[in-house]
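The lines below spell out each chain.
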Amino acid sequence: MSFQNLKRNRDQISKLVQAAESAGGSVEKKNYDDERIWKPTVDKAGNGYAVLRFLPAAEGQDLPWVRYWDHAFKGPTGLWYIENSLTSIGQADPVGELNSRLWNTGNDSDKDKARTQKRRLHYVTNVLVMQDPSSPHNEGKVFLYKFGKKIFDKIMDVMQPQFADEEPVNPFDFWEGADFKLKIRNVEGYRNYDKSEFSSPAALHEGDETKLESVYDMVHNLNEFTDPSNYKTYDELKSKLMRVLGEESTAGAYTVKQEAKINDPAPAPQAPVTAEEMSVSSEDDTMSYFAKLAQED
C-alpha cells in the first residue's frame, strides 16, 4: 500500500475496534538490543513525560498494532524463564498447562505460584516521537513502542467514546488523529499511566503530504511479530521450563506434587485461546483464564 493508497483507504475506527475485540495473536521477535524500540525514561522519582503520535499500519499489514503474551519468572533453581507464550498464536504452551494444573488443585499456595508465572500481555505499534525531554535525540524519529493494557484502553476509549458530546478519534490516522501525551508516575512502586491523555485531533505536520510521506516511509512492518518461526517449539519451551524448575530428570514435570505425578491422569490438551480470553491482561483476567483451563481438565 503506497502513501497515496493509504490516504484513499484510511483505516476506519470500526475496523480497528472490531479487530481489537476479535481473536488474533502476535509475538515479539526477541531482541533485547533492538534499537527500533523506543522506551520512555523516568527520573529518580519515577516520573516521565513524552509526546507520541501513533502511526498507521505499514504496507501489507492489516492493523497498526500487534499483540503477544510472554512469561517471566524465576524458578527454584535460581534460573529465569523469560519466553514468549505459544498461546499468542493459539497453540498449547507448557507454562499455561502447568498454571492450569496449579490452579486446578484449589490450593492457595498453588494459585499464588500460578500468579507469579502468569502470562503478560504486550502490544507493539509504530510511533513518531514528537517530544522526549529526557532523550531529545529521539524526537522526529519513528520507533516501535511496546505497551500494555492500560495504554491500549486509552486508545480504545478515544475510538469508542462513552459520552454523547465526544466524537470518535482514530489515533493512528495521519490527518484526523491526535498526539498522545504519555505521563508516567510512580504509584506504590509501580509505573502508573492514568494521567496519560490524547490531545485534540489535528493533522500530523499540519497535513503536509511531503512530510507525512517521509514519516510513512519510516514505518516498520509488524508482520515479523506474527511469524511462527520467531517462537520456540513446545518441546523447546518444555525443556527450558524443566531446567528452570529443576525437574530435568523427572518424567512428569508438569504435575504439582510428586504424589500427583503417580495418581493424577495426564492433563487434557490445552484448548486454543479464544478472543474473549485474549482481550485483556489484568490479573483478574489471567486468573479467569487459569480457572477456565482448570474446568477443561
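Quick caveat, the model's predicted, so the values are computed rather than measured.

K.L.:
Looking at this structure, I do not really get the overall build of the chain. What am I missing?
P.N.:
Helix and strand counts for the chain stand at ten helices and nine strands. Relative to its 297 residues, the chain shows a buried fraction of 44%. When contacts within the chain are restricted to residue pairs at least 6 apart in sequence, those whose partners lie at least 24 apart make up 72%. Total accessible area on the chain stands at roughly 15200 Å², and carbon and sulfur atoms take up 47% of it.

K.L.:
Just to check I follow, could you spell out unusual backbone geometry for this structure?
P.N.:
Despite not being glycine, Glu 188 shows a phi value in the positive range, around 55 degrees. Within the secondary structure, Glu 188 is located in the loop between β7 (180-187) and β8 (190-192). One non-glycine residue, Glu 206, adopts positive backbone phi at about 55 degrees. Structurally, Glu 206 can be placed in the loop between β9 (197-198) and α6 (209-216). With a relative accessible area of 80%, Glu 206 lands in the exposed category.

K.L.:
Is there a simple way to think about the nonpolar core in this case?
P.N.:
With 33 residues, the main nonpolar core has Phe 54 and Tyr 145 as its most contacted residues. Elements represented by at least two residues in this core include exactly α2 (13-21), β2 (48-54), β3 (65-74), β5 (120-131), β6 (142-147), α5 (149-159) and β7. A total of six residues in this core trace back to one element, the largest contributor, which is α5. Excluding residues within four positions of it along the chain, Tyr 145 makes contact with Trp 38, Pro 40, Leu 52, Phe 54, Tyr 123, Val 124, Thr 125, Val 127, Ile 151 and Leu 182.

K.L.:
It is not clear to me how the confidence of the model for the chain should be interpreted in this structure. Could you clarify?
P.N.:
Low pLDDT marks regions whose predicted coordinates should not be analysed in detail. Looking at the chain as a whole, its pLDDT mean stands at 83, while 79% of the residues score no less than 70. Mean pLDDT across the secondary structure elements of the chain bottoms out at helix α9 (residues 275-278), with 34, and peaks at β2, with 98. Ignoring residues within four places in sequence, the model shows residues 250-291, a span with pLDDT below 50, making 77 contacts including any to other chains. Counted against residues more than four places away or in other chains, residues 293-297, with its pLDDT under 50, gives eleven contacts.

K.L.:
How do you make sense of the environment of Phe 152 when you look at a structure like this?
P.N.:
By the secondary structure assignment, Phe 152 is in helix α5. Here Phe 152 falls in the buried class, since its relative accessible area comes to 5%. It is 9.5 Å that separates the C-alpha atoms of Phe 152 and Ala 20, two residues lying 132 residues apart in sequence. Ignoring sequence-local partners within four residues, the contact set of Phe 152 consists of Ala 20, Trp 65, Tyr 123 and Phe 147.

K.L.:
Mind showing me how you'd approach the environment of Met 218 here?
P.N.:
Counting through the fold element by element, Met 218 comes out in the loop between α6 and α7 (234-245). A sequence separation of 75 residues divides Met 218 from Phe 143, and the C-alpha atoms of the two residues are 8.6 Å apart. Those residues in contact with Met 218 that lie beyond four places of it in its chain are Gly 140 and Val 142.

K.L.:
Explain the pattern of salt bridges here, please?
P.N.:
Close approach of charged atoms allows side chains with opposite charge to pair. Per the stated rule, a full pass over the model turns up ten salt bridges. A salt bridge links Lys 232 to Glu 83; its shortest N-O distance comes to 2.8 Å. With Lys 232 in the loop between α6 and α7 and Glu 83 in strand β4 (residues 80-84), this residue pair connects regions lying 149 residues apart in the sequence. Relative accessible area serves as the criterion here: at 38%, Lys 232 is assigned to the partly exposed category. Each of Asp 34, Arg 36 and Glu 224 takes part in a single network of salt bridges with overlapping partners.

K.L.:
Looking at this model, I keep getting lost on the side chain of Asp 70. Mind explaining?
P.N.:
Tracing the backbone shows Asp 70 in strand β3. Engagement of the side chain of Asp 70 in a polar contact is seen with the side chain of His 122, the distance being 3.0 Å. What Asp 70 contacts, discounting residues up to four positions off in sequence, is Glu 83, Asn 84, Ser 85, Lys 118, Arg 119, Arg 120 and His 122.

K.L.:
Would you explain α6 in this entry?
P.N.:
Every buried residue belonging to α6 is among Leu 212, Val 215 and Tyr 216, and all of these are buried. Projection of α6 onto a plane perpendicular to its axis shows the buried side chains occupying an angular sector of 100 degrees, all on one side. Summarising the contacts, the buried residues of α6 are in contact with α1 (3-8), β5 and β6. At the N-terminal boundary of α6, the capping side chain belongs to Asp 208, with an oxygen 3.0 Å from the backbone nitrogen of Thr 210.

Cut-offs applied
- Residues numbered from 1 in each chain as written.
- Predicted model: local features only at pLDDT ≥ 70, side-chain atom pairs only at ≥ 80, totals over all residues.
- Heavy atoms only, no water.
- Helix = DSSP H or I, 4+ residues; strand = E, 2+ residues; numbered from the N terminus.
- Buried < 20%, exposed > 50% of the residue type's maximum accessible area, 1.4 Å probe, protein only.
- Contact = heavy atoms within 4.5 Å.
- Areas by Shrake-Rupley, 256 points an atom, 1.4 Å probe, with all protein chains shown as cover.
- Core = buried A, V, L, I, M, F, W, Y, C linked by side-chain atoms within 4.5 Å.
- pLDDT = per-residue confidence, 0-100.
- Salt bridge = Lys/Arg side-chain N within 4 Å of Asp/Glu carboxyl O.
- Polar contact = N/O pair within 3.5 Å; in protein donor to acceptor, adjacent residues only side chain to side chain.
- Arc of directions from axis to C-beta.

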